[in-house]
Amino acid sequence: MTVIEYQIENKISIDEFKSVLVNSTLGERRPVDDEETLSKMIEHGNLIVTARENGKLIGVARSLTDFNYCTYLSDLAVDEKYQKMGIGKELIRQTKLASPQAKLILLSAPKAVDYYPKIGMTQWEQCYVLDELEDLK
């Protein structure tokens, strides 16, 4: 029987972060070929929950949080070989346990839009994004 270990890690390697992003398909929307950006993503994510099988990173939930009011779960990635096993849901649960008072917020990847309501999350339509400063009027 496979045992998946979940834990909070202060730092994970760029290579293993990149690997799980690519193997989860989230890499399609992340700068996986920009090591400096990946490094900063890890460095400034102040809550990183991992799922490991025999030491191998198979899932990650990388968040930015104040541990009181809000937790923004920026990256939820589970290796495709391990999807549909409850690992993503457990990563979310562990993230919420680490900041229980805070509202957990995430933006869904297009392929995962139907997943989050199934596990009990509420969808909101009031999200806005500003990519370029020049777009601000």
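Residues numbered from 1 in each chain as written. Predicted model: local features only at pLDDT ≥ 70, side-chain atom pairs only at ≥ 80, totals over all residues. Heavy atoms only, no water.

Draft legend 1. Inspection of the pattern of salt bridges at higher detail. In this structure the tally under the stated criterion is 9 salt bridges. Between Arg52 and Glu16 there is a salt bridge whose closest N-O contact spans 2.9 Å. Residue Arg52 is located in strand 2 (residues 47–53), and its partner Glu16 is located in helix 1 (residues 14–24); the two are separated by 36 residues in the primary sequence. Given a relative accessible area of 11%, Arg52 falls into the buried group. Between Lys18 and Asp33 there is a salt bridge, with the nearest N and O atoms lying 3.6 Å from each other. (Salt bridge = Lys/Arg side-chain N within 4 Å of Asp/Glu carboxyl O. Helix = DSSP H or I, 4+ residues; strand = E, 2+ residues; numbered from the N terminus. Buried < 20%, exposed > 50% of the residue type's maximum accessible area, 1.4 Å probe, protein only.)

Draft legend 2. Layout of unusual backbone geometry. A positive phi is found at Asn54, a non-glycine position, where the angle reads about 50 degrees. The topology assignment puts Asn54 in the loop between strand 2 and strand 3 (56–65).

Draft legend 3. Looking closely at the packing of aromatic side chains. With the rule as written, the count across this model stands at 1 aromatic pair. Here Tyr115 and Tyr116 contribute two aromatic rings whose centre-to-centre distance is 5.1 Å and whose plane-to-plane angle is 75 degrees, an arrangement assigned as edge-to-face. Its relative accessible area of 29% is what places Tyr115 among the partly exposed residues. (Phe/Tyr/Trp six-rings, centres within 6.5 Å; stacked < 30°, edge-to-face > 60°.)

Draft legend 4. The arrangement of the pairing of strand 4 (residues 70–78) in detail. Counted residue by residue, strand 4 has 7 buried out of 9 residues, so it is predominantly covered. Bridge analysis of strand 3 against strand 4 gives 7 bridges, and the strand direction is antiparallel. By the bridge assignment for strand 4, Val60 is matched with Ala77. Linking strand 3 back to strand 4 in an antiparallel pair, the connection comprises 4 residues, with Phe67 at a positive phi of about 60 degrees. In this fold, strand 4 hands off to helix 3 (residues 87–98), which returns the chain to strand 5 (residues 103–105); that crossover is right-handed. (Pairing = 2+ DSSP bridges. Right-handed = clockwise from strand over helix to strand, strands pointing away.)

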